[in-house]
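# Coordinate inspection notes
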There are 2 protein chains.
Amino acid sequence: MSRTVDILIAGGTVVTMDGQDTKFESGALAVDGDTIIAVGRNVEIRKDFKGRETIDASNSIIMPGLVNSHTHAAMTCFRGIADDMELMDWLNRYIFPAEAGHVNPELAYWGSLLACAEMIKSGTTTFSDMYIFEQETARAAKQAGMRCLIGEVLFDFPSPNFKTPEEGLAYTEKLAQTWADDPLVNIMVEPHALYTCSLDLLKGSKILADRYQIPLATHFLENKSEAKQLEDKYGGRATTFLMENGFLDERFIAFHGVLMDEEDMRIFSDHGCKVVHNPESNMKLASGVAPVSAMRKQGIVVGLGTDGCASNNDLDMFQEMDTAAKLGKAALLDPTVMSARTVLRMATCDGAKVLGLDALTGTLEVGKKADICIVDMDKPHLTPLYDEYSHLVYTVGGADVETVLINGKLVMKNRRLLTIDEGEAMRRVRIIALGVKKSLGNGF
Amino acid sequence: MSRTVDILIAGGTVVTMDGQDTKFESGALAVDGDTIIAVGRNVEIRKDFKGRETIDASNSIIMPGLVNSHTHAAMTCFRGIADDMELMDWLNRYIFPAEAGHVNPELAYWGSLLACAEMIKSGTTTFSDMYIFEQETARAAKQAGMRCLIGEVLFDFPSPNFKTPEEGLAYTEKLAQTWADDPLVNIMVEPHALYTCSLDLLKGSKILADRYQIPLATHFLENKSEAKQLEDKYGGRATTFLMENGFLDERFIAFHGVLMDEEDMRIFSDHGCKVVHNPESNMKLASGVAPVSAMRKQGIVVGLGTDGCASNNDLDMFQEMDTAAKLGKAALLDPTVMSARTVLRMATCDGAKVLGLDALTGTLEVGKKADICIVDMDKPHLTPLYDEYSHLVYTVGGADVETVLINGKLVMKNRRLLTIDEGEAMRRVRIIALGVKKSLGNGF
């Protein structure tokens, strides 16, 4: 007797990304409710299960949805607003004025919803976000049906959302309480960076993170000038400052870590801290190249992120994987590092570990939530196929993603979004961008 | 009275890439026969011209078709066959055995036709090719309706196509004669590299190139070990060797040029030599980073290429532009170099100059051949739009290309190829790949 389940995905190659790199050619996967209840060979799964809905995945790869471990979703509104300039020019002439004048709950909601549309359409099912008015980002993610780990950006000076750091912390705590039992939305505490946060704010952040047992995440050692600034501020190693003040544990996430050296890595490794690598943003802003291979050798779990749309300028994790693999080789002049499998892990199972969500997502295994991406391989640029890992990293682009499930629910089928009116999201963001253009004046 | 022309493209933003970066928002373009006969504002063009066929390009960018200035088209058959290994391992264990056992006219034709399908679908209208059995690549390009500049790869040892270098030169001369008056196919002479070609073969190549007034192109200073090898071979600078033997002129094209120093650049600049940058291949094979900004400062015209599918692993010039811009900044830790406009020039007008085809293609100007790419901008990941150049380089992917004309002829409309049966091309290449897999044995 075969058991009836909600969704059967059958016929393609299943790339599970489990610990053994298990792969099923002509495989299948059974989903009931929000959960994967079987994965294996097509003939066997189809003997045991009947789907209320069956998705034909012939000529496709069935893989875990991707985990974008660091972004600023609502910054889609500032996508391509200014490029190719010095960081301080870019921030002071474009990004800061645009943010100060335009970031409000409406921008946060529509910018985040547009980001969700783009992420789903390029195979991402989980994202980690830091920005302003994150309650709106949570609402957008919920509308989109996306899994996320998000936090309000905190710093010493006023933001469009709070006047004092205390208000920022209170807003974060409210987020944590509001979304405590949500199946998709998870909250973290996100002080912006060491150079924008006082020790008091950092301590307040840590207390909050511990109270709710949630991650504490921050930008860290993104470029040389930041590293120099922190060395001057602390009269020594920033990592030591973090360690001595009790910030470092397995719930500490550092975004970027470009300037981390062997001793920083040793301390991170000893404390189980996590890192998120953002290669395209680091290249575009000329920040440097994070020593990801060395971090991984030291046992640090490293995820992959796109960073925000103002410095990338997209949220396509397939392109980010391609760049991560190639940049790693170029930086060390060693073609054997950052292999396709390694990078695919960073974008799936390891990313989930970084965010503390690996019990739920990141692999296609029985018991995990059904966060699944189906990639159509029947295309000229994906032909022929010798090795699935190679194609997923070096050749597949976001536009090749055909169908996406999150938490057992279909959110895109045959490239049609089922939870978001993408036309409306684009229309709203275009109106917002028009206001930004006008206010920035000449040059537009 | 309005004049009737073959094709009117109307409604989108025309990015001409002419010397003044002229752009027409709500622009239009009239094509008659193979030629652009008008480009300007939509209201004016539509007053003056009527199209037998009108293409609605609203919400689109109309731009010159891209120029892929270096590839090995038929190597689509070896796409992703082996990655993440030392160059010599990769060549000796995979690429050389696969080529020796499998490269024949059939592979060259179907591999090239599949490459044409992929290139058209990602906005490339002109490509420059070096491989074996290039008569088949010419036939494929002709079938696809693509513009190209191609040559048979020449070296001292036997190839699947010739036993001696003399036979290789004779085959090249035959190519030059066969395609002498073709509107699309152009021939060049392509000795593989200095480390695989004797002085005699190089001299024979130069004589042929001069006789037909066609380019002479070769791989040059791709990585450190090649640079060292050439220094040992010539007891000095390879560029000086080339200069002293009379190889350097405005028809000399160097692929890669990663290890070129200031003196090499000065010599290249003095002689009007050209360079093709292949950032993704250079990264993947850990060859290093070509000093493109310095080359351009010295006045060298630099094009952009994907290299072959075994080392990239795709032919998407939009992705290549993104990488070129970002890698340039990362290598110099300077976000202002390799701007979007610079990189877009390398992939259009400058690429055409490198190949000696700039009288025909590379810009949207009256009198040029109609090689045109229309990009659909009405998508979440391309919203909002502040600056066309930024989006074309940092955000658009090959899959956003909607419609392509080459030499005045529609070769893709609404993503449907009109000159190639892509299903048949994929089927043939899959059969070829199956044979390759079997012969390479374990690991597959």
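Reading the values: the criteria
Residues numbered from 1 in each chain as written. Chains lettered and ligands numbered in written order. Predicted model: local features only at pLDDT ≥ 70, side-chain atom pairs only at ≥ 80, totals over all residues. Heavy atoms only, no water. Pairing = 2+ DSSP bridges. Helix = DSSP H or I, 4+ residues; strand = E, 2+ residues; numbered from the N terminus. Axes fitted to C-alpha atoms, helices over the stretch in contact; angles between N-to-C directions. Contact = heavy atoms within 4.5 Å. Buried area = accessible area lost by both parts, 1.4 Å probe. Salt bridge = Lys/Arg side-chain N within 4 Å of Asp/Glu carboxyl O. Polar contact = N/O pair within 3.5 Å; in protein donor to acceptor, adjacent residues only side chain to side chain. Least-squares fit on C-alpha atoms with pLDDT ≥ 70 in both. Phe/Tyr/Trp six-rings, centres within 6.5 Å; stacked < 30°, edge-to-face > 60°. Buried < 20%, exposed > 50% of the residue type's maximum accessible area, 1.4 Å probe, protein only. Lys NZ or Arg CZ within 6 Å of the ring centre and 35° of its normal. Domains from an automatic or database assignment. Patch = residues over 30% accessible without salt bridge, like charges linked within 9 Å, V, L, I, M, F, W, Y side chains within 5 Å. Areas by Shrake-Rupley, 256 points an atom, 1.4 Å probe, with all protein chains shown as cover. Lys, Arg positive; Asp, Glu negative; His and termini not counted. Charge placed at Lys NZ, Arg CZ, Asp CG, Glu CD.

Before going further, it helps to examine the sheet that holds strand 15 (residues 274-277) of chain B. Residues and elements named next belong to chain B. Sheet architecture is open: four strands sit in the order 13-14-15-16, paired in parallel fashion. Each of the sheet's edge strands pairs with one partner strand only, and the pair in question is strand 13 (216-220) and strand 16 (302-304). Each strand axis lies, on average, 25° off the axis of its neighbour in the sheet, ignoring direction. Of the strand pairs in this sheet, strand 15 and strand 16 are connected by three bridges, and their pairing is parallel. Bridge pairing links valine 276 to glycine 303 in strand 16.

This paragraph deals with the interface of chain B and chain A. Counting residues at the interface gives 63 residues for chain B, matched by 63 residues for chain A. With both sides pooled, the region where chain B packs onto chain A buries about 4,900 Å², and carbon together with sulfur makes up 61% of that total. A salt bridge links B:Lys326 to A:Glu280; the shortest N-O distance between them is 2.7 Å. Our count for the chain B to chain A interface comes out at 28 residue pairs in polar contact (both at pLDDT 80 or more). For the side of chain B that touches chain A, the secondary-structure elements that each account for two or more residues are helix 3 (105-121), helix 10 (279-284), helix 12 (317-332), helix 15 (388-394) and helix 16 (422-440) of chain B. Element by element, the count of residues in the side of chain B that touches chain A is highest for helix 16 of chain B, at seven residues.

Superposition of chain B onto chain A requires a rotation of 180° combined with a translation of 0.0 Å along the rotation axis, giving an RMSD of 0.0 Å. Taken together, the turn and the small shift mark the pair as related by a two-fold rotation axis. Taking C-alpha positions as reference, the residue of chain B nearest the rotation axis is B:Ala399, located at 3.2 Å. A symmetric contact is evident, with 100% of the interface residues of chain B recurring at the interface of chain A.

Per the counting criterion, the structure on display carries 14 aromatic pairs over all chains. Note on B:Tyr109 and B:Trp110: the rings are 5.1 Å apart at their centroids and 85° apart in plane angle, and the pair reads as edge-to-face. By the burial criterion, B:Tyr109 is buried, and B:Trp110 matches it. Ring geometry for B:Tyr234 versus B:Phe241: centroids 3.8 Å apart, planes at 15°, classification stacked. Within the aromatic cluster, the residues linked to one another by ring pairs are A:Phe155, A:Phe157 and A:Phe162. Note that A:Arg139 overlies the ring of A:Tyr109, its terminal NZ or CZ placed 4.3 Å from the centroid.

Accessible area lost during the coming together of the parts is what is often quoted as the interface size. All names here are of chain A. Here chain A is partitioned into domain 1 (3-64 + 362-416) and domain 2 (67-354). Summarising the inter-unit geometry, the C-alpha centres of domain 1 and domain 2 are found 29 Å apart. Both sides together, the interface formed by domain 1 and domain 2 hides about 2,300 Å², and carbon and sulfur atoms give 65% of it. Where aspartate 371 meets arginine 147, a salt bridge forms, and the shortest distance between an N and an O atom there is 2.7 Å. Counting every contact that joins domain 1 to domain 2 gives eight residue pairs in polar contact (both at pLDDT 80 or more). When contributions to the side of domain 1 that touches domain 2 are tallied by element, the ones reaching two or more residues are strand 7 (60-64), strand 17 (372-376), helix 15 (388-394), strand 18 (401-406) and strand 19 (409-413). Sorting elements by how many residues they give to the side of domain 1 that touches domain 2 places helix 15 first, with five residues.

Another aspect to go through is a negative patch on the surface. All names here are of chain A. Among the surface-exposed residues, Asp156, Glu166, Glu167 and Asp200 lie close enough to one another that they form a single negatively charged patch. For aspartate 200, the location among the structural elements is in helix 6 (residues 199-212). A residue is classified by how much of its surface remains accessible, and aspartate 200, at 63% relative accessible area, is exposed.

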